[in-house]
Amino acid sequence: MDLMNIALPALTEALSLILQPQQLMYLALGVVLGLAVGVLPGLGGIAGLSLVLPFIYGMEPVSGLALMVGLIAVIPTSDTFSSVLLGIPGSSSAQATVLDGFPLARQGQAARALSAAFMCSLYGGLISAVVLTCFIFIARPLILAFGLPEMLMLTVLGLSMVAILAGRVPLKGVVAAGLGLLAGTIGAAGAGGSLRMSTYDMPYLVDGLQLIIVGLGIYAVPEIVALLREDKSIAKAGKLGKGLFTGVVDWFKNLWLSTVGALIGVIVGIIPGLGGSVVDWLAYGYTVQSSKDRSKFGKGDIRGVIGPESSANATLGGSLVPTLIFGIPGSGTMAIFLGGLALLNLSPGPHMVRQNLDVTYTIVWSLALANVIGAGLCILLAGQIAKVTRIRFAILAPILFMLIAFAAFQSRQSMGDLIALICIGFLGILLRRFDYSRPAFLIGFVLSSQAEAFANMANQIATSRFNRGFWIGMDYIASPLALSILVLTIASVIIGLRGAKLIRQNDAEATGSKRSSVVFLLCVTAYVVVSVIDASQISRVGDKIFPLTVGSVTLVACALLFLRMRRSPETDPVFVDTEQGGADAKLPYGLWRTLGWFAALLGLSLAFGFIIALTTFFLTFFRVRAEQSWFMTLVYTVGGVAAIICFAWILGRDFPPGLLQSYFRLPWPLR
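Note that the coordinates shown come from a computational prediction; the quantities given were computed from them, not determined experimentally.

Caption draft 1: Examining the packing of helix H19 (residues 393-409) against helix H28 (residues 610-625) more closely. Relative orientation of the contacting elements H19 and H28 amounts to 165 degrees, with a least axis distance of 10 Å. Between H19 and H28, the crossing angle belongs to the class labelled roughly antiparallel. Relative to H28, the crossing made by H19 is right-handed. On H28, the residues that touch Ala394, Ile395, Pro398, Ile399, Phe401, Met402, Ala405 and Phe406 of H19 are Phe610, Leu614, Phe617, Phe618, Phe621, Phe622 and Arg625. When grouped by side-chain class, the residues that make up the contact of H19 with H28 number 14 nonpolar, no polar and 1 charged.

The structure is reproduced here in structure tokens:
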């Protein structure tokens, strides 16, 4: 294709199309919707696009594209608010930002972290737009070079990030990752449909656990409970610091890191299926590995925000490559995006690139402009929104409990969502308490299904190749690209283990008590044993290999960890317990009593439905726990309940029903 005669005129035509007042209006509307959706934890591009799809039908293609691209382009930017200010990952691509962004907010530097993140998002988004422009012509050979062995090695590379996130005791990181991988195998196997750690008597588990439930439970619930126990504002300092300008300077000083992070995001986004669920961890792993001074990571290092935030926004441009060129969704959001293209009578693929190149490049220009508008709005609003960190957390906590419960319910519209949330939240609290790496758990869970799928398919093809000849099989599994990724993986593990001890999830030290740590390890071991026994009883070989292998490795890690506990003194870091030797031990409110408030909300929802339960919960919490006057209690209650009802009405979502709704026909929103 002649670049001068075809590509440049198409780019010019696309720019003239998107700069029309009507298209700019739809682009701005999409940006505003994306900002609103991204700020709320747990709701991401899938929910946002699902909101606008009913309005896409019948629209002019460029207008519809502007609306959709504007929305999804800024969600990786706006989800930084909840990750930094509240310690809750706004989406799956904002998980690593929590590690250093949230500690910065607690140190009174929220505005600094936010402005640095927004500059990174803007920069990463623009780089992805440039790369997308070029890759529309050259990406096909690159994507076709990735076969099943290469995809499997990329997944293993993602799992190798566990090494850098393992913490002070690498064996704990292995155990946490193993638990995550096993959690990802719960339900019907993808290959043969065999049930693993589930039964048809409990239909909810047959479909496995959802990422949004696991993410909220592992991160959001433990952090909210911990902050509520402290009962102070999120930021420890009375002021937010210099903030905006300082963050921009931080980004400029780390421009090379931001560039590499953006390129990581683009490359990972190009590979279908890998996407935003792991890209931030890859970028964070590179950030730590490439840094000379690693002592502040996990405690509030601005580089821990710049690396993953640069990659998160850049992933979108990468994921659009397979989506537009081959019609293969690079992520869940891209799957919804394909549905929107169909409503606009557009058929993604080589035909679209050849026949509608101007429309294709409209997406590129929309992506670039949306990042500029979105990042600009976020920077302007950062100072005001960051002030939420100065509010007493007892006022914010019930609102966050409400949002988390509502967001969790949207994954399947089942009461099992709320039960799973409280169970996984309890596990997240225990992992945090005993210093097991929660990022390692989450990486294991995210990569579990695709690791199993790639491994099974690659094994079947490799077996067939080896039956034809040894070197034929080796040529398949040991391609130059696969070996290159393997070398990167080994290097990542070696370098990661050297620096992992410097990264701490908390500052707790060994408590001088072994009992609680040993009891928790024994409980984890018992679950792994049950998982291994369950997997061994599956008749279909392809469905048992992966959980059996993962379970066996995790069981060995548990045994080695137990031996270390038997042989080590009570001052060894393996016995860290934040309830006895960390900051949590001195908090004014107890763990179980605080968690009981959240459990009460879910329990009341099971009995009376969400809105009735929420009203009762708000009245009781604000009056008793937050010690507010009756007037302010009523104000907070009415405002909170009205807000969630309006939000659900706009999204067209229902609330969790209870037993009461089974016996009485109630009007919406009580049903």
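Caption draft 2: Summary view of the nonpolar core. With 164 residues, the main nonpolar core has Leu65, Leu320, Phe337, Tyr436 and Ile644 as its most contacted residues. No other element matches the 15 residues that H19 contributes to this core. Not counting residues up to four positions away in its chain, the partners in contact with tyrosine 436 are Lys172, Val175, Ala176, Leu431, Phe520, Leu521, Leu561 and Met565. In this structure, Leu157, Val260, Ala482 and Ile485 belong to the second largest nonpolar core, which totals 10 residues.

Caption draft 3: Structural context of the environment of lysine 514. By secondary structure assignment, the location of lysine 514 is in the loop between helix H23 (480-500) and helix H24 (515-536). Once the C-alpha coordinates of lysine 514 and methionine 565 are considered, the two residues, 51 residues apart in sequence, prove to be 7.8 Å apart. Ignoring any residue separated from it by four or fewer positions in sequence, one finds lysine 514 in contact with Met565, Arg566, Ser568, Pro569, Glu570 and Phe575.

Caption draft 4: Examining H28 more closely. Every buried residue belonging to H28 is among Phe610, Ile611, Ala613, Leu614, Phe617, Phe618, Phe621, Phe622 and Arg625, and all of these are buried. Angular distribution of buried residues about the axis of H28 spans 150 degrees; they occupy a single face of the element. Downstream of H28 by a residue or two, glutamate 627 has a phi angle that is positive, lying close to 55 degrees.

Caption draft 5: Just a nonpolar patch on the surface, in detail. A cluster of nonpolar side chains, namely Val32, Ile373, Leu377, Leu380 and Leu381, defines an oily patch on the protein surface of about 430 Å² accessible area. For the nonpolar patch, the element with the highest residue contribution is helix H18 (residues 357-385), accounting for 4 residues. One can find leucine 377 in helix H18. The exposure class of leucine 377 is partly exposed, given its relative accessible area of 31%.

Caption draft 6: The arrangement of the packing of H19 against helix H27 (residues 591-608) in detail. One can describe the packing of H19 onto H27 by two numbers: an axis separation of 11 Å at closest approach and a directional angle of 45 degrees. Here H27 runs oblique to H19, going by the angle between their axes. Crossing angle aside, the handedness with which H19 passes H27 is right-handed. Note on element contacts: H27 touches H19 through Phe598, Leu601 and Leu602, opposite Phe401, Met402, Ile404 and Ala405.

Parameters and conventions
Residues numbered from 1 in each chain as written. Predicted model: local features only at pLDDT ≥ 70, side-chain atom pairs only at ≥ 80, totals over all residues. Heavy atoms only, no water. Axes fitted to C-alpha atoms, helices over the stretch in contact; angles between N-to-C directions. Helix = DSSP H or I, 4+ residues; strand = E, 2+ residues; numbered from the N terminus. Parallel < 35°, antiparallel > 145°, perpendicular 65-115°, else oblique. Left-handed = near helix turned anticlockwise from the far one by under 90°. Contact = heavy atoms within 4.5 Å. Nonpolar A, V, L, I, M, F, W, Y, C, P; charged D, E, K, R; others polar. Core = buried A, V, L, I, M, F, W, Y, C linked by side-chain atoms within 4.5 Å. Buried < 20%, exposed > 50% of the residue type's maximum accessible area, 1.4 Å probe, protein only. Arc of directions from axis to C-beta. Patch = residues over 30% accessible without salt bridge, like charges linked within 9 Å, V, L, I, M, F, W, Y side chains within 5 Å. Areas by Shrake-Rupley, 256 points an atom, 1.4 Å probe, with all protein chains shown as cover. Salt bridge = Lys/Arg side-chain N within 4 Å of Asp/Glu carboxyl O.

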